[in-house]
Amino acid sequence: MAKILLIAGHPHPEQSLANATILEEIKKSDLDITIEDLAAKGWNFDIPAEQAAVKAADVLVFQFPFYWYSYPALLKKWVEEVLAHGFAYGSQGTALQGKDFIISFTAGAPFDTYKAGSTQNRPVAEYLYNFQQLAEFTGMKPHDPIVTYGCMYVPGVSTEEDKKRIISDCKKSAAKLLEELKKC
Ligand SMILES: Cc1cc2nc3c(=O)[nH]c(=O)nc-3n(C[C@H](O)[C@H](O)[C@H](O)COP(=O)(O)O)c2cc1C
(Lines give C-alpha, C1' and ligand atoms only; values in the text may rest on other atoms or scores of the structure.)
Protein backbone atom coordinates (compact mmCIF):
# COMPACT_ATOMS: atom_id res chain seq x y z
CA MET A 1 0.00 0.00 0.00
CA ALA A 2 1.36 3.43 -0.95
CA LYS A 3 2.55 5.58 1.92
CA ILE A 4 0.84 8.97 1.71
CA LEU A 5 1.98 12.20 3.36
CA LEU A 6 -0.69 14.90 3.39
CA ILE A 7 0.55 18.38 4.25
CA ALA A 8 -2.35 20.42 5.61
CA GLY A 9 -1.47 24.06 4.98
CA HIS A 10 -4.40 25.96 6.50
CA PRO A 11 -2.91 28.68 8.74
CA HIS A 12 -6.08 28.86 10.90
CA PRO A 13 -7.52 25.35 11.01
CA GLU A 14 -9.74 26.26 13.99
CA GLN A 15 -11.64 28.67 11.71
CA SER A 16 -11.90 26.25 8.80
CA LEU A 17 -15.09 24.67 7.50
CA ALA A 18 -14.04 23.45 4.06
CA ASN A 19 -10.53 22.10 4.71
CA ALA A 20 -11.61 20.74 8.09
CA THR A 21 -14.45 18.80 6.39
CA ILE A 22 -12.08 17.33 3.80
CA LEU A 23 -9.57 16.33 6.47
CA GLU A 24 -12.26 14.70 8.63
CA GLU A 25 -13.28 12.55 5.65
CA ILE A 26 -9.68 11.67 4.83
CA LYS A 27 -9.09 10.57 8.44
CA LYS A 28 -11.86 7.95 8.06
CA SER A 29 -9.97 6.24 5.22
CA ASP A 30 -8.04 3.04 5.82
CA LEU A 31 -5.32 4.08 3.36
CA ASP A 32 -1.86 4.66 4.84
CA ILE A 33 -2.16 8.45 5.23
CA THR A 34 -0.16 10.63 7.61
CA ILE A 35 -1.64 14.12 8.01
CA GLU A 36 0.72 16.91 9.00
CA ASP A 37 -1.03 19.98 10.35
CA LEU A 38 1.47 22.77 9.66
CA ALA A 39 -0.35 25.32 11.84
CA ALA A 40 0.11 23.02 14.85
CA LYS A 41 3.86 23.29 14.28
CA GLY A 42 3.70 27.02 14.82
CA TRP A 43 5.58 28.12 11.70
CA ASN A 44 8.76 26.39 12.88
CA PHE A 45 9.67 23.23 11.10
CA ASP A 46 12.14 20.58 12.16
CA ILE A 47 13.59 20.40 8.67
CA PRO A 48 15.49 17.06 8.93
CA ALA A 49 12.34 15.45 10.42
CA GLU A 50 10.15 16.95 7.71
CA GLN A 51 12.54 15.78 5.01
CA ALA A 52 12.63 12.28 6.48
CA ALA A 53 8.80 12.17 6.40
CA VAL A 54 8.77 13.34 2.78
CA LYS A 55 11.43 10.85 1.80
CA ALA A 56 9.55 7.96 3.40
CA ALA A 57 6.34 8.76 1.49
CA ASP A 58 5.36 7.50 -1.95
CA VAL A 59 2.74 10.21 -2.39
CA LEU A 60 2.82 13.86 -1.39
CA VAL A 61 -0.49 15.74 -1.05
CA PHE A 62 -0.94 19.44 -0.40
CA GLN A 63 -4.34 20.31 1.12
CA PHE A 64 -4.95 24.04 1.51
CA PRO A 65 -7.31 26.98 1.08
CA PHE A 66 -6.61 29.00 -2.09
CA TYR A 67 -5.14 32.35 -0.95
CA TRP A 68 -4.45 35.03 -3.51
CA TYR A 69 -4.52 32.52 -6.34
CA SER A 70 -1.90 30.33 -4.73
CA TYR A 71 -1.11 28.54 -1.48
CA PRO A 72 -1.00 30.15 1.99
CA ALA A 73 2.32 31.58 3.21
CA LEU A 74 2.54 28.85 5.85
CA LEU A 75 2.66 26.13 3.21
CA LYS A 76 4.96 28.21 1.00
CA LYS A 77 7.37 28.49 3.95
CA TRP A 78 7.31 24.72 4.37
CA VAL A 79 8.02 24.27 0.65
CA GLU A 80 10.88 26.76 0.68
CA GLU A 81 12.54 25.25 3.75
CA VAL A 82 11.85 21.53 3.33
CA LEU A 83 12.05 21.08 -0.44
CA ALA A 84 15.53 22.55 -0.37
CA HIS A 85 18.53 22.37 -2.67
CA GLY A 86 20.41 19.12 -2.19
CA PHE A 87 17.20 17.42 -1.08
CA ALA A 88 14.51 18.18 -3.64
CA TYR A 89 16.61 19.56 -6.47
CA GLY A 90 20.22 20.09 -7.55
CA SER A 91 22.69 17.36 -8.54
CA GLN A 92 22.35 15.63 -5.13
CA GLY A 93 18.69 16.52 -4.65
CA THR A 94 16.80 13.45 -5.78
CA ALA A 95 14.54 12.74 -2.79
CA LEU A 96 11.26 13.49 -4.55
CA GLN A 97 11.90 11.63 -7.76
CA GLY A 98 9.20 9.19 -8.75
CA LYS A 99 6.69 10.26 -6.07
CA ASP A 100 3.09 11.08 -6.91
CA PHE A 101 2.04 14.68 -6.22
CA ILE A 102 -1.53 15.86 -5.72
CA ILE A 103 -2.85 19.26 -4.77
CA SER A 104 -6.33 19.55 -3.27
CA PHE A 105 -7.61 23.00 -2.43
CA THR A 106 -10.72 24.95 -1.61
CA ALA A 107 -11.50 28.26 -3.34
CA GLY A 108 -13.86 30.87 -1.98
CA ALA A 109 -15.11 31.95 -5.40
CA PRO A 110 -17.66 29.85 -7.31
CA PHE A 111 -16.65 27.76 -10.34
CA ASP A 112 -18.41 30.02 -12.87
CA THR A 113 -16.36 33.07 -11.81
CA TYR A 114 -13.11 31.38 -12.88
CA LYS A 115 -13.36 32.38 -16.54
CA ALA A 116 -12.50 35.30 -18.82
CA GLY A 117 -14.79 38.26 -18.23
CA SER A 118 -15.91 37.17 -14.75
CA THR A 119 -14.51 38.28 -11.39
CA GLN A 120 -11.64 35.75 -11.28
CA ASN A 121 -10.78 36.41 -14.97
CA ARG A 122 -9.15 33.07 -15.79
CA PRO A 123 -9.84 29.35 -15.48
CA VAL A 124 -8.29 28.09 -12.25
CA ALA A 125 -5.79 25.94 -14.22
CA GLU A 126 -4.06 29.12 -15.36
CA TYR A 127 -3.13 29.88 -11.75
CA LEU A 128 -1.61 26.46 -11.17
CA TYR A 129 1.45 26.26 -13.43
CA ASN A 130 3.79 26.71 -10.47
CA PHE A 131 2.56 23.45 -8.92
CA GLN A 132 2.95 21.60 -12.21
CA GLN A 133 6.49 22.93 -12.55
CA LEU A 134 7.34 22.20 -8.90
CA ALA A 135 6.43 18.57 -9.60
CA GLU A 136 8.26 18.37 -12.91
CA PHE A 137 11.40 20.13 -11.63
CA THR A 138 11.68 17.72 -8.70
CA GLY A 139 10.80 14.58 -10.69
CA MET A 140 7.36 14.00 -9.18
CA LYS A 141 4.31 12.84 -11.12
CA PRO A 142 1.61 15.54 -10.90
CA HIS A 143 -2.02 14.41 -10.80
CA ASP A 144 -4.99 16.54 -11.82
CA PRO A 145 -5.73 19.02 -9.03
CA ILE A 146 -8.82 18.53 -6.89
CA VAL A 147 -10.60 21.86 -6.57
CA THR A 148 -13.63 22.65 -4.43
CA TYR A 149 -15.20 25.96 -5.45
CA GLY A 150 -17.58 28.26 -3.60
CA CYS A 151 -16.19 27.52 -0.14
CA MET A 152 -16.40 30.99 1.38
CA TYR A 153 -18.23 30.56 4.68
CA VAL A 154 -18.63 33.59 6.93
CA PRO A 155 -20.30 32.76 10.27
CA GLY A 156 -23.23 35.09 10.89
CA VAL A 157 -23.38 36.13 7.23
CA SER A 158 -23.52 32.85 5.29
CA THR A 159 -26.74 30.82 5.57
CA GLU A 160 -27.27 27.30 6.89
CA GLU A 161 -27.93 26.32 3.25
CA ASP A 162 -24.47 27.66 2.28
CA LYS A 163 -22.91 25.66 5.08
CA LYS A 164 -24.67 22.44 4.06
CA ARG A 165 -23.64 22.91 0.41
CA ILE A 166 -19.99 23.54 1.33
CA ILE A 167 -19.89 20.48 3.58
CA SER A 168 -21.52 18.35 0.89
CA ASP A 169 -19.13 19.62 -1.83
CA CYS A 170 -16.11 19.07 0.41
CA LYS A 171 -17.19 15.51 1.19
CA LYS A 172 -17.40 14.87 -2.57
CA SER A 173 -13.91 16.32 -3.05
CA ALA A 174 -12.53 14.16 -0.24
CA ALA A 175 -14.04 11.10 -1.92
CA LYS A 176 -12.44 12.19 -5.20
CA LEU A 177 -9.08 12.63 -3.48
CA LEU A 178 -9.32 9.17 -1.90
CA GLU A 179 -10.15 7.64 -5.29
CA GLU A 180 -7.07 9.33 -6.76
CA LEU A 181 -4.93 8.11 -3.87
CA LYS A 182 -6.09 4.53 -4.40
CA LYS A 183 -4.56 4.68 -7.89
CA CYS A 184 -1.09 5.50 -6.49
C1 LIG B 1 -6.04 35.75 2.63
C2 LIG B 1 -7.12 35.11 1.80
C3 LIG B 1 -6.96 35.07 0.43
C4 LIG B 1 -7.93 34.42 -0.35
N5 LIG B 1 -7.75 34.37 -1.71
C6 LIG B 1 -8.66 33.71 -2.47
C7 LIG B 1 -8.45 33.59 -3.89
O8 LIG B 1 -7.46 34.03 -4.45
N9 LIG B 1 -9.40 32.93 -4.61
C10 LIG B 1 -10.51 32.38 -4.04
O11 LIG B 1 -11.33 31.78 -4.76
N12 LIG B 1 -10.72 32.46 -2.68
C13 LIG B 1 -9.82 33.11 -1.91
N14 LIG B 1 -10.00 33.18 -0.54
C15 LIG B 1 -11.13 32.45 0.08
C16 LIG B 1 -10.65 31.11 0.65
O17 LIG B 1 -10.08 30.32 -0.38
C18 LIG B 1 -11.81 30.37 1.32
O19 LIG B 1 -12.29 31.15 2.36
C20 LIG B 1 -11.32 29.00 1.84
O21 LIG B 1 -11.02 28.14 0.76
C22 LIG B 1 -12.36 28.34 2.70
O23 LIG B 1 -11.77 27.20 3.30
P24 LIG B 1 -11.79 26.99 4.91
O25 LIG B 1 -13.25 26.90 5.33
O26 LIG B 1 -11.06 25.71 5.11
O27 LIG B 1 -11.10 28.18 5.51
C28 LIG B 1 -9.08 33.84 0.26
C29 LIG B 1 -9.22 33.92 1.65
C30 LIG B 1 -8.26 34.56 2.42
C31 LIG B 1 -8.45 34.62 3.91
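Above this text you will find the structure in question.
None of the values given here were measured: they were computed from a predicted structure. (Residues numbered from 1 in each chain as written. Predicted model: local features only at pLDDT ≥ 70, side-chain atom pairs only at ≥ 80, totals over all residues. Heavy atoms only, no water.)

Chemist: Tell me about the packing of helix α1 (residues 18–27) against helix α5 (residues 160–182), residues and numbers included.
Modeler: Interhelical geometry of α1 versus α5 gives an angle of 45° and a closest axis separation of 8 Å. With respect to each other, α1 and α5 are oriented oblique. Helix-helix and strand crossings are classified by hand; for α1 and α5 the assignment is right-handed. Between α1 and α5, the residues in contact are A18, T21, I22, E25 and I26 and I166, I167, C170, K171, S173, A174, L177 and L178, respectively. (Axes fitted to C-alpha atoms, helices over the stretch in contact; angles between N-to-C directions. Helix = DSSP H or I, 4+ residues; strand = E, 2+ residues; numbered from the N terminus. Parallel < 35°, antiparallel > 145°, perpendicular 65-115°, else oblique. Left-handed = near helix turned anticlockwise from the far one by under 90°. Contact = heavy atoms within 4.5 Å.)

Chemist: Summarise the nonpolar core; cite the residues concerned and give the values.
Modeler: Counting residues in hydrophobic clusters, the biggest one holds 36 residues, and the most contacted among them are F62, F64, F66, L75, W78, L83 and F101. Elements represented by at least two residues in this core include exactly β1 (3–8), β3 (59–65), α3 (73–82), β4 (100–106) and α4 (129–138). Here the element with the most residues in this core is α3; it accounts for five residues. Counting residues in hydrophobic clusters, the runner-up holds 22 residues, among them I22, I166, C170 and A174. (Core = buried A, V, L, I, M, F, W, Y, C linked by side-chain atoms within 4.5 Å. Buried < 20%, exposed > 50% of the residue type's maximum accessible area, 1.4 Å probe, protein only.)

Chemist: Explain the side chain of H143 to me, and be specific about the residues and the numbers.
Modeler: Within the secondary structure layout, H143 lies in the loop between β5 (141–142) and β6 (146–148). Of the residues examined, H143 reaches a relative accessible area of 19% and is grouped as buried. Of note is the side chain of H143, whose polar atom sits 2.8 Å from the side chain of E180. When sequence neighbours within four positions are dropped, the list of residues in contact with H143 reads D100, F101, I102, E180 and C184. (Polar contact = N/O pair within 3.5 Å; in protein donor to acceptor, adjacent residues only side chain to side chain.)

Chemist: Describe the site of the ligand, listing the residues and the values that go with them.
Modeler: Near the ligand lie 17 residues; those nearest to it are H10, S16, F66, T106 and Y114. Between the ligand and N19, the relevant distance is 2.8 Å, taken from an oxygen atom to a side-chain nitrogen or oxygen of the residue. A distance of 3.0 Å is found between a nitrogen atom of the ligand and a backbone nitrogen or oxygen belonging to G108. Look at the ligand: alone it shows 640 Å² of surface, and the protein chains cover 78% of it. A molecule is said to occupy a pocket when more than half its atoms come within 2 Å of that pocket's grid points, and by this definition the ligand occupies the largest pocket. A class-by-class count of the residues in the shell around the ligand yields twelve nonpolar, five polar and no charged. (Near = heavy atom within 4 Å. Areas by Shrake-Rupley, 256 points an atom, 1.4 Å probe, with all protein chains shown as cover. 1 Å grid on protein atoms, 1.4 Å probe; cavity = no way out; pocket = protein on both sides within 12 Å on 5 of 7 lines; lining within 4 Å. Sits in = over half its atoms within 2 Å of the grid points. Nonpolar A, V, L, I, M, F, W, Y, C, P; charged D, E, K, R; others polar.)

Chemist: Describe the packing of aromatic side chains, listing the residues and the values that go with them.
Modeler: What describes a pair of aromatic rings is the distance from one ring centre to the other and the angle between the planes of the rings. Scanning all chains against the criterion turns up 16 aromatic pairs. Each ring, one from F64 and one from F131, has its centre 5.7 Å from the other, and the planes form 20°; the classification is stacked. With a gap of 67 residues between them, F64 in strand β3 and F131 in helix α4 connect regions that are remote in the sequence. Like F64, the residue F131 is buried in the burial classification. Ring centres of Y71 and F131 lie 4.9 Å apart, and the angle between their planes is 70°; this geometry places the pair in the edge-to-face category. With Y71 in the loop between β3 and α3 and F131 in helix α4, this residue pair connects regions lying 60 residues apart in the sequence. (Phe/Tyr/Trp six-rings, centres within 6.5 Å; stacked < 30°, edge-to-face > 60°.)

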